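So you can see what is in the structure, the chains are spelled out below.
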Amino acid sequence: MQHCRTKNALNSAERLTIAGFLATAIGFGPARVGLGLFMPQFADEFGLSVADGGHIASIAFSAFMVALPITAIFVFRLGPRTPVILACLMACAGSVLVATASNATMLTAGIVIAGSSAGLCWTPFNDAARHSLTEDRRNTALSIIATGTATGVVIAGVLSLFTGMGAIHWRHAWWAFAGIALLAAIVAWFGTPKLEQRQSMKGFALSHFYGRKAWPLHTLALVFGATNAVFITFAAKRIADTGGLPSLVSDGASAVVFISYGILGLVGVAAGRLVDRFGLSGVLRVIFAAAALSMVLIAFAPNDWITVITASAFHGAALMVVSAVISFWSLRLFPGWSTTGFTAALMALAIGSLIGPTLVSGIAEKMGGQAMFAIAAVPSVVIAFWPGRLPALPTIRSSPAGDCDLATASDR
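Now for a quick tour of the structure.

Reading guide: rules and limits
- Residues numbered from 1 in each chain as written.
- Predicted model: local features only at pLDDT ≥ 70, side-chain atom pairs only at ≥ 80, totals over all residues.
- Heavy atoms only, no water.
- Helix = DSSP H or I, 4+ residues; strand = E, 2+ residues; numbered from the N terminus.
- Buried < 20%, exposed > 50% of the residue type's maximum accessible area, 1.4 Å probe, protein only.
- Contact = heavy atoms within 4.5 Å.
- Areas by Shrake-Rupley, 256 points an atom, 1.4 Å probe, with all protein chains shown as cover.
- Axes fitted to C-alpha atoms, helices over the stretch in contact; angles between N-to-C directions.
- Parallel < 35°, antiparallel > 145°, perpendicular 65-115°, else oblique.
- Left-handed = near helix turned anticlockwise from the far one by under 90°.
- Nonpolar A, V, L, I, M, F, W, Y, C, P; charged D, E, K, R; others polar.
- Salt bridge = Lys/Arg side-chain N within 4 Å of Asp/Glu carboxyl O.
- Core = buried A, V, L, I, M, F, W, Y, C linked by side-chain atoms within 4.5 Å.
- Phe/Tyr/Trp six-rings, centres within 6.5 Å; stacked < 30°, edge-to-face > 60°.
- Patch = residues over 30% accessible without salt bridge, like charges linked within 9 Å, V, L, I, M, F, W, Y side chains within 5 Å.
- Polar contact = N/O pair within 3.5 Å; in protein donor to acceptor, adjacent residues only side chain to side chain.
- Expected span 1.5 Å × (residues − 1).
- Disulfide = S-S within 2.5 Å.

1. Details of the overall build of the chain
In terms of helices and strands, the chain carries 17 helices and zero strands. For the chain, with 412 residues in total, the buried portion stands at 60%. Considering only contacts in the chain between residues 6 or more positions apart, those separated by 24 or more positions represent 87%. When the accessible surface of the chain is totalled, it reaches about 15,400 Å², and 68% of it is carbon and sulfur.

2. With respect to the packing of helix H4 (residues 50-78) against helix H11 (residues 215-241)
Remark: H4 packs on H11, axes separated minimally by 10 Å, with the N-to-C direction vectors making an angle of 160°. By the criterion of interaxial angle, the relationship of H4 to H11 is roughly antiparallel. Where H4 crosses over H11, the handedness of that crossing is right-handed. Listed contacts from H11 to Val 50, Gly 53, Gly 54, Ala 57 and Phe 61 of H4 are Ala 229, Ile 232, Thr 233, Phe 234, Lys 237 and Asp 241. Classifying every residue of the contact of H4 with H11 by side-chain character gives six nonpolar, three polar and two charged.

3. Points about the pattern of salt bridges
Tallied over the entire structure, the rule returns two salt bridges. One salt bridge connects Glu 45 with Arg 171, and the closest N-O pair in it is separated by 3.3 Å. With Glu 45 in helix H3 (residues 39-46) and Arg 171 in helix H10 (residues 170-191), this pair connects stretches of sequence that are 126 residues apart. Relative accessible area serves as the criterion here: at 41%, Glu 45 is assigned to the partly exposed category.

4. Comments concerning the nonpolar core
Core analysis: the biggest nonpolar cluster contains 130 residues, and Phe 42 and Phe 373 have the highest contact counts within it. At 14 residues, the largest contribution of residues to this core is made by helix H14 (residues 305-333). When sequence neighbours within four positions are dropped, the list of residues in contact with Phe 42 reads Gly 34, Leu 35, Gly 47, Leu 48, Val 98, Leu 107, Ile 111, Trp 170 and Trp 174.

5. Considering the packing of aromatic side chains
Tallying each qualifying case throughout the model produces 11 aromatic pairs. Ring centres of Phe 38 and Phe 177 lie 6.1 Å apart, and the angle between their planes is 70°; this geometry places the pair in the edge-to-face category. On the criterion of sequence distance, the pair formed by Phe 38 in the loop between helix H2 (30-37) and H3 and Phe 177 in helix H10 is long-range, its members being 139 residues apart. Accessibility assignment for this pair places Phe 38 and Phe 177 in one class, buried. Ring centres of Trp 174 and Phe 177 lie 5.1 Å apart, and the angle between their planes is 80°; this geometry places the pair in the edge-to-face category. With a gap of three residues between them, Trp 174 and Phe 177 both fall in helix H10, about one helical turn apart.

6. Remarks on a nonpolar patch on the surface
A cluster of nonpolar side chains, Leu 89, Leu 182, Ile 186, Trp 189 and Phe 190, forms an exposed patch at the surface whose accessible area comes to about 540 Å². Locating Phe 190 in the fold gives a position in helix H10.

7. Structural notes on the side chain of Ser 117
One can find Ser 117 in helix H6 (residues 104-121). Looking at Ser 117, its side chain comes within polar contact range of the main-chain oxygen of Ala 114, at 2.6 Å. Setting aside residues no more than four positions away along its own chain, Ser 117 makes contact with Gly 27, Ala 31, Ala 87, Met 90 and Ala 91.

8. With respect to H14
One full turn of an α-helix is made of 3.6 residues, so residues set three or four places apart face in the same direction. Taking 1.5 Å of rise per residue, the 29 residues of H14 would be expected to cover 42 Å, and the 41 Å separating its terminal C-alpha atoms lies within 8% of that figure. Of all 29 residues in H14, 24 are buried; the element is thus mostly enclosed. N-capping of H14 is provided by Asp 304, with a side-chain oxygen placed 3.2 Å from the backbone N of Ile 306.

9. Comments concerning the environment of Ile 363
Here Ile 363 is to be found in helix H15 (residues 338-367). Note: C-alpha distance between Ile 363 and Ile 375 (12 residues apart in sequence) is 8.8 Å. Contacts of Ile 363, omitting those with residues within four sequence positions, involve Gly 368, Ala 371, Met 372 and Ile 375.

10. What about the state of the cysteines?
For the structure on display, the rule yields zero disulfides. Unpaired in this structure, Cys 92 has its nearest cysteine sulfur neighbour in Cys 88, at a distance of 9.4 Å. For Cys 92, a relative accessible area of 16% translates into the label buried. This cysteine, Cys 121, is not joined by any disulfide, and Cys 88 carries the nearest cysteine sulfur, 7.0 Å off.

Here you go:
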């Protein structure tokens, strides 16, 4: 594939990576975790209970899930650029709606619209990477794109900290999110390839994406989706409800959680190298052990600085690594159907995200936050210490379309 390594292709790769990084930063950053990050302020402003928060989160994750298959259709019909730009504009519109919300209904609508952007902004880059990047560059690029989430979360966390300190109002933070989303849309226009050629439907079968070989990927995605949704929705509120962190205003706990979550999440850049070094099975066990530990720490020690920072950092790192792993795992598992295969995997993640907050919010109402987080950790513990073999990364196979057949299209 040496013929793909032209100056234009390298420039295209850089533009693609930057566009993907910014799109995931807004879509999976404030647009997706903003509810949990600002839950204490929303609860005070609109009188939301834990159950209310769980229901809003589930509706938002439902929008994310609905957006996923729509994205696959967009990519097939129009190429990756259109859904990415739409994702950024949805994040912008939703953020504006939240910033101007006068009641809980308006707030919910904004959160849902912004949250749907996550379903549009990420999967197109699997298809774009397959066509625009050589094999040795894909895992690194997809890992960097996935860790855009970490940067988005850190930025949101910093704005939340300023909000907790009284430096800015939470509405101003959401106006800032809207501005960042608009900037991401502009960058996406220039950085995301159009790839106008339609993909051939020859060999397509929906069962291919849900067959026996795909079930390990879907199962792990579903479990992590549920665990992560609980953490990003309720961790900050759990800390605030139990008295917050010493010497910090209660609203500031959100910022501590998500800044820590985002900073260590940058380890996701190395996801490809970690899998190459330790194997998929070893990395998955560490990911789910870290996720479980983060839940347990929030359950039993929500008012200790070291514990909260450790829990948030572990969970952020686990999310970023598993996000990158799902991306290039599906790329190898479904050669020639990059976006569709990735969409199938993220559907499982979305289903987990949908059911997780709803199920555990009921537990919280009856048994309290400690029980909620402890119980939510159990599925991750099971996977981390599963006695059998966990899956290995599939070997690279040639895709029907080839690796570089549309490389020049990325410059359109």
